[in-house]
Amino acid sequence: MTKPSTIFFASLAAGVLSMLDLRPAASTSLRLITGVEIMQQDTVKAKKKNSNVRIQVGGKAKGGKDGEQVYINTDNNKREELKRQGTVTLTDDLKDIKSISPNGYLKYMRSVNDDTKRLEITSDANGNLNRTYTENGKKVAYEPSGREWLQQIMPDLMANTGIGIAELVKDLYGKAGAKGVLAEAEKAGSEHAKMRFVHQLYQQPGLKPADVKQSLQFVDKHVTSDYERRKALGTVTAAHLKNKDVVSSYLQVSGKISADYERRKALLYLLETPDLSKESMAMALEQTGKISSDYEKAKVLQQLAKQPEFIQHNYKPAFSIIDKFSSDYEKAKIINAIVKNHKLSQAQYKELLPVVSRISSDYEKGKVLRNIASAIPADNKDLRAEVEKAANTIGSDYEKNKVISALR
């Protein structure tokens, strides 16, 4: 059994690795060091009166069987604990456990206001199932009490473990559409469990833009985790992101992501959509301006700069955002990307050059101005005079002369 202190230090290390932006390697590293895998979506959240913890222990047991999965959830006066090992299969009506792979088990406990019920279903070496049901520590016959309780908690078991969730969502969507799926998702206890329904909903064939919009509104209402929000956005298809209403709902969700890293990933995913509408680009740009980190903001702007019509419709607000960068390096990098990817008009250059003039670093300013000097027409004396005017704001004679030379 893993010691509590081991889980604590694994969680602490995961937080440090996350801050260092080493997220992809964090889970693997921790598993090797501690034997505990703290998955990226398996967060520890603490509030005054409730918390939500989900932990997966191990990866693969000896002999190639699935490792034990442990789920713990506490919420005010409610506590749930689930341990599972092996492959669990449900009956066709999704109301009972049909089978568990040999020597596997499913153990579930729920305590509400000190009323504790526990169900253990174990599989022997031949796959035969044995069921034990207790209420407040006293053994009770599985038939009918245990079976009735299992049917009552089955939606939670499916949501929290993923067992049978694909079949359930397919059935719900066929009968009641997205509305029916999301109504069932709302009953799930944790955000992670709710998101299982949403992710499966996106897998349904013939999903309509209105269904996607409805699901994003559900995410916006019921999910607070930055990671879960961004993960939900990352499963919306490019085909649906061509719909303006879907994009509007998408940005409503991403707009409430507080972590710059997660918001940047959400926006970049959107901006990879081919032929994104100018209205969608404008909304994405507005949200980009609200990112605090210059580095993360520049990453999004660089992706925007690859859109053929981006500058044509959005150059004024884009230049305004760039002008507010505190990092000269990031400011210069994005301006150079725009100059490289777009043939700017004289009006656009005249809007951009004052921004360049306000770059503090002589080196970065000189580099940008040299790139602009190479891009503008040789016979446009008016524009070249504007570039020379900007060059005169450079304090270093060496850097200034390099720009003047590039102009001639």
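Residues numbered from 1 in each chain as written. Predicted model: local features only at pLDDT ≥ 70, side-chain atom pairs only at ≥ 80, totals over all residues. Heavy atoms only, no water.

A. Layout of the overall build of the protein. Secondary structure summary: the protein contains 17 helices and 11 strands in total. By the burial criterion, 48% of the 408 residues in the protein qualify as buried. Long-range pairs, those at least 24 residues apart, make up 54% of the contacts in the protein between residues at least 6 apart in sequence. Summed over all atoms, the accessible surface of the protein reaches about 20,500 Å², with 50% contributed by carbon and sulfur. (Helix = DSSP H or I, 4+ residues; strand = E, 2+ residues; numbered from the N terminus. Buried < 20%, exposed > 50% of the residue type's maximum accessible area, 1.4 Å probe, protein only. Contact = heavy atoms within 4.5 Å. Areas by Shrake-Rupley, 256 points an atom, 1.4 Å probe, with all protein chains shown as cover.)

B. Inspection of the environment of Gln312 at higher detail. Structurally, Gln312 is set in helix 12 (residues 310-323). As for Gln312 and Gln348, which are separated by 36 residues in sequence, their C-alpha atoms are 8.8 Å apart.

C. Summary view of unusual backbone geometry. Here the amide bond leading from Glu143 into Pro144 is cis, since omega sits at 0 degrees, within 30 degrees of zero. Within the chain, Asn103 stands out as a residue other than glycine whose phi angle is a positive 65 degrees. On the secondary structure map, Asn103 appears in the loop between strand 7 (97-100) and strand 8 (105-112). If you check the backbone angles, Asn113 has positive phi at about 50 degrees while not being a glycine. Assignment of secondary structure puts Asn113 in the loop between strand 8 and strand 9 (115-123).

D. Region of interest: the pairing of strand 8. Counting buried positions along strand 8 yields 6 of 8 residues, so the element is predominantly enclosed. Bridge count between strand 5 (residues 78-85) and strand 8: 8 bridges; the pairing is antiparallel. In the strand pairing of strand 8, Lys78 is matched with Val112. Bridge analysis of strand 8 against strand 9 gives 8 bridges, and the strand direction is antiparallel. Directly across from Leu106, in strand 9, lies its bridge partner Ile121. Between strand 8 and strand 9, which pair antiparallel one after the other, the connecting turn spans 2 residues, and Asn113 there sits at a positive phi close to 50 degrees. (Pairing = 2+ DSSP bridges.)

E. The arrangement of the packing of aromatic side chains in detail. Scanning the entire structure with this criterion turns up 3 aromatic pairs. For the pair Tyr108 and Trp149, a centre-to-centre distance of 5.8 Å together with 35 degrees between the ring planes defines the contact as tilted. One end of the pair, Tyr108, is in strand 8; the other, Trp149, is in helix 3 (residues 142-161), with 41 residues separating them in the sequence. What makes Tyr108 buried here is its relative accessible area of 2%. Site record: aromatic cluster; members linked through ring pairs are Tyr108, Tyr133 and Trp149. Lys107 extends its terminal NZ or CZ atom over the ring of Tyr105, reaching a point 4.6 Å from the ring centre. (Phe/Tyr/Trp six-rings, centres within 6.5 Å; stacked < 30°, edge-to-face > 60°. Lys NZ or Arg CZ within 6 Å of the ring centre and 35° of its normal.)

F. Representation of the packing of helix 13 (residues 328-341) against helix 15 (residues 362-375) in the model. With their axes 9 Å apart at the nearest point, helix 13 and helix 15 run at an angle of 5 degrees to one another. Of the possible angle classes, the one that applies to helix 13 and helix 15 is roughly parallel. Two secondary-structure elements touch here, helix 13 through Asp328, Tyr329, Ala332, Ile335, Asn336 and Val339 and helix 15 through Glu364, Lys367, Val368, Asn371, Ile372 and Ala375. (Axes fitted to C-alpha atoms, helices over the stretch in contact; angles between N-to-C directions. Parallel < 35°, antiparallel > 145°, perpendicular 65-115°, else oblique.)

G. Inspection of the packing of helix 10 (residues 278-288) against helix 12 at higher detail. Packing of helix 10 against helix 12 leaves a shortest axis separation of 10 Å and a crossing angle of 10 degrees. As summarised for this structure, helix 10 and helix 12 are arranged roughly parallel, according to the angle between their axes. Seen from helix 10, the contacting residues are Lys278, Met281, Ala282 and Leu285; seen from helix 12, they are Phe310, His313, Asn314, Pro317, Ala318 and Ile321. A breakdown of the residues in the contact of helix 10 with helix 12 according to their chemical character gives 7 nonpolar, 2 polar and 1 charged. (Nonpolar A, V, L, I, M, F, W, Y, C, P; charged D, E, K, R; others polar.)

H. Representation of helix 10 in the model. What helix 10 keeps buried is the set Ser280, Met281, Ala284, Leu285, Gln287 and Thr288. The arc that holds every buried residue of helix 10, seen down its axis, measures 160 degrees, which confines them to one face. (Arc of directions from axis to C-beta.)

I. Fine view of the environment of Gln287. The residue Gln287 is located in helix 10 in this model. What makes Gln287 buried here is its relative accessible area of 7%. Beyond its immediate stretch of four places on either side in the chain, Gln287 contacts Leu251, Ser254, Gly255, Arg263 and Leu267. Separated by 2.4 Å, the side chains of Gln287 and Ser254 make a polar contact. (Polar contact = N/O pair within 3.5 Å; in protein donor to acceptor, adjacent residues only side chain to side chain.)

J. Up close: the environment of Lys333. Tracing the backbone shows Lys333 in helix 13. Judged by its relative accessible area of 28%, Lys333 falls in the partly exposed class. Considering only alpha carbons, one finds Lys333 and Glu364, 31 residues apart in sequence, at a separation of 8.6 Å.

K. Inspection of the pairing of strand 5 at higher detail. Relative to strand 5, strand 4 (residues 69-75) runs antiparallel, the two being bridged by 7 bridges. Within strand 5, the residue paired with Asp75 across the bridge is Lys78. Joining the antiparallel neighbours strand 4 and strand 5 is a turn of 2 residues, in which Asn76 adopts a positive phi near 55 degrees.

L. A look at the pattern of salt bridges. Applying the stated criterion across every chain, the model contains 18 salt bridges. Between Glu80 and Arg110 there is a salt bridge, with the nearest N and O atoms lying 3.4 Å from each other. In this pair, Glu80 is assigned in strand 5 and Arg110 in strand 8, connecting sequence segments 30 residues apart. You'll find Glu80 and Arg110 in the same group, each marked buried. Across the pair Asp171 and Lys175 runs a salt bridge, and its minimum N-O distance is 3.3 Å. (Salt bridge = Lys/Arg side-chain N within 4 Å of Asp/Glu carboxyl O.)

M. Structural detail: the side chain of Ser254. Looking at the element boundaries, Ser254 is found in helix 8 (residues 244-254). Once you skip the residues sitting within four places of it in the chain, Ser254 turns out to touch Leu233, Arg263, Ala266, Leu267 and Gln287.

Remember that the coordinates give geometry; whether it matters functionally is a separate question.
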